[in-house]
Amino acid sequence: MVENDAIIRAGICLVLQNFTVGFSFIKEDFELEVIEAPHGEAGIRQIKKGGVNLLLLDNKLPGIKGMEVLDYINKNRLNISVTMITSDACLELAIEATNRGADGFISKPFTPQELRSSVENSVKQLYLKRMTRQMTSQCKSIRYKFLSVLSHELKSPLNAIEGYLQLMKEGSAGNEIAQYDKMIARSMERVSGMRSLILDLLDLTQLESTEGKIIHTNIDLSEICKMTVESIRPISIQRNLKIITNIEDGIMLKANARDMEIILNNVLSNAVKYNKQNGSITMYLNKVDNNIVIRVMDTGIGIAKENLNKLFLEFSRIKTFETREISGSGLGLSILKHTVESYGGNVDVESKVKEGSTFIIKIPTI
Ligand SMILES: Nc1ncnc2c1ncn2[C@@H]1O[C@H](COP(=O)(O)OP(=O)(O)OP(=O)(O)O)[C@@H](O)[C@H]1O
Ligand SMILES: [Mg+2]
């Protein structure tokens, strides 16, 4: 409260003593602590200290005027709700103060009830304003997360296509164009996958409203698994990795096919990236009781025990001599974990440095 009249200050303190403001939808009421400032300079000093949320501000003050305190708040974009105390309820002053950022008015002399209801209004307005602001920033962070997931997921089809193009460029399958039919078809599949991801992005720019609308259908996970293995073949050939598969046929799951591709792509692309030249990748898919079990084993660089708990964090990459030249964003496994958990499943990892790692993903079918 910035007010030069000591009697009014004492009165305001008395009225607001033990006064609380409550909302039906929040548990605890807001309590008020009143800090007195006899002039604008003291008011600004107090504001600078922080912790001021509401300001009762007299305009006629010795030294700087109330309007100047208002300007200070405005200029510094402070999140403070200002109620002007005006002695003469004059329209011009009200308009000017509103233009300069005041939120409310109370004119002298006021009754205790008028003061309380004015303060109550300010508390509620400020609370709602802050809640709205918080919600907007949460939406922004959801959108950012979504965009990072999406751009990450665009990378793996791009890598696959690049791999096929590289093989074609080297003429690895012979001189006849027909010998590349399979590679071309696979590349086109990946292009169409990318296109639908991009279309999703366009849909999901209003992510908030589409949450929960993802369609789950009965999908053949065995087929998706085989397809994903095929799509990493071009990059594994470049490193001379052997891929061994042990995929049980006809494993059905009620899920979103793209989510499953995300899971498989990430774990397989890591098994390629963090493998050794001439190594191998073994991929198992089977159903044990009511769980689908995906197991991907590699003969790569392995992960030290103390790093195992960092793997699934966003943007977390393990820096070792072996990984120094491998590029990545550190998002893959965090996306994988998040996706697996959204199906009520879990991810486990077993690893031995320099020998290899095994990622085990379990997804319940019911
Ligand atoms: N199979 C693996 N063998 C050894 N280390 C691994 C393996 N998989 C993941 N890691 C380690 O875990 C880190 C995190 O993996 P993650 O997939 O999240 O990110 P990334 O592969 O670095 O990048 P991105 O997948 O986003 O391209 C990797 O940087 C790597 O150090
Ligand atoms: Mg990865």
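Residues numbered from 1 in each chain as written. Chains lettered and ligands numbered in written order. Predicted model: local features only at pLDDT ≥ 70, side-chain atom pairs only at ≥ 80, totals over all residues.

Now for the packing of helix H2 (residues 40-49) against helix H3 (residues 66-75). Each pair of packed helices can be summarised by the angle the axes make with each other and by the distance between the axes. Contact geometry for H2 and H3: axes closest at 9 Å, N-to-C directions at 20°. As judged from the angle between their axes, H2 and H3 are roughly parallel. The handedness of the crossing between H2 and H3 is right-handed. Mapping the contact onto sequence places Gly-40, Gly-43 and Ile-44 in H2 and Gly-66, Glu-68, Val-69 and Tyr-72 in H3. Residue composition of the contact of H2 with H3, by class: three nonpolar, three polar and one charged. (Axes fitted to C-alpha atoms, helices over the stretch in contact; angles between N-to-C directions. Helix = DSSP H or I, 4+ residues; strand = E, 2+ residues; numbered from the N terminus. Parallel < 35°, antiparallel > 145°, perpendicular 65-115°, else oblique. Left-handed = near helix turned anticlockwise from the far one by under 90°. Contact = placed C-beta atoms within 7 Å. Nonpolar A, V, L, I, M, F, W, Y, C, P; charged D, E, K, R; others polar.)

Through backbone hydrogen bonds, the strands of a sheet pair up, either in parallel or in antiparallel fashion. The strand order across the open sheet formed by three strands is S3-S4-S5, and the pairing between neighbours is parallel. The sheet terminates laterally at strand S3 (54-58) and strand S5 (104-107), the two strands that pair on one side only. For this sheet, the mean angle separating the axes of adjacent strands, direction not counted, is 25°. Direction of pairing for S3 relative to strand S4 (residues 81-86): parallel, over a ladder of five bridges. Counted as the bridge partner of Leu-54 is Ser-81 from S4. In the packing of H3 onto the sheet, contacts are made with S3 and S4, and the angle to S3 comes to roughly 150°. (Pairing = 2+ DSSP bridges.)

This paragraph deals with the environment of Lys-337. With respect to the secondary-structure elements, Lys-337 resides in helix H10 (residues 332-342). Between the alpha carbons of Lys-337 and Ile-263 there is a distance of 8.1 Å; along the sequence they are 74 residues apart. Once you skip the residues sitting within four places of it in the chain, Lys-337 turns out to touch Phe-312 and Val-347.

Judged by pairing direction, the sheet is mixed, and its five strands sit side by side in the order S7-S9-S10-S12-S11 without closing on themselves. At either margin of the open sheet sits one strand with a lone partner, and together these are strand S7 (242-247) and strand S11 (346-352). For this sheet the average axis-to-axis angle between neighbouring strands, irrespective of direction, equals 10°. Where S7 meets strand S9 (residues 280-288), six bridges bridge the pair, whose relative direction is parallel. Residue pairing in the sheet places Thr-245 in a bridge with Met-283 of S9. Across the sheet, helix H8 (residues 221-238) touches S7, S9 and strand S10 (291-298), and the angle it forms with S7 is around 180°. Each of S9, S10 and strand S12 (356-364) is contacted by helix H9 (residues 257-273), which is oriented at about 20° to S10, the strand it contacts most.

Attention shifts here to the confidence of the model for the chain. Of the residues in the chain, 94% have a pLDDT of 70 or more, and the chain-wide mean is 88. Segment residues 206-211 is flagged for pLDDT under 50; beyond a separation of four residues in sequence, or across chains, it makes seven contacts in the model. (pLDDT = per-residue confidence, 0-100.)

Another aspect to go through is the site of ligand 1. Ligand 1 sits among 24 residues. The nearest are Asn-270, Tyr-274, Gly-328, Gly-332 and Leu-333. Mapped by element, the contributors of at least two residues to the shell around ligand 1 are H9 and H10. Of the residues forming the shell around ligand 1, the biggest block, four residues, is contributed by H9. (Near = placed C-beta within 6 Å.)

You can see Gly-193 is positioned in helix H6 (residues 181-203). For the pair Gly-193 and Leu-154, spaced 39 residues apart in the sequence, the C-alpha separation amounts to 9.0 Å.

The residue after Lys-108, namely Pro-109, is reached through a cis peptide bond having omega -5°. Backbone geometry at Asn-18 places phi at a positive 60°, although glycine is not the residue there. Residue placement: Asn-18 occurs in the loop between helix H1 (6-16) and strand S1 (20-21). Residue classification places Asn-18 among the exposed residues on the basis of 8 C-beta atoms within 10 Å. Within the chain, Asp-289 stands out as a residue other than glycine whose phi angle is a positive 50°. Relative to the helices and strands, Asp-289 resides in the loop between S9 and S10. (Buried ≥ 20, exposed ≤ 12 C-beta atoms within 10 Å, placed from the backbone.)

Between H9 and H10, the shortest axis-to-axis distance is 9 Å and the interhelical angle comes to 145°. As for the relative orientation of H9 and H10, their crossing is left-handed in sense. Note on element contacts: H10 touches H9 through Gly-332, Leu-333, Ile-335, Leu-336, Thr-339 and Val-340, opposite Asp-259, Ile-262, Ile-263, Asn-266, Val-267, Ser-269 and Asn-270. Tallied by class, residues from the contact of H9 with H10 come to seven nonpolar, five polar and one charged.

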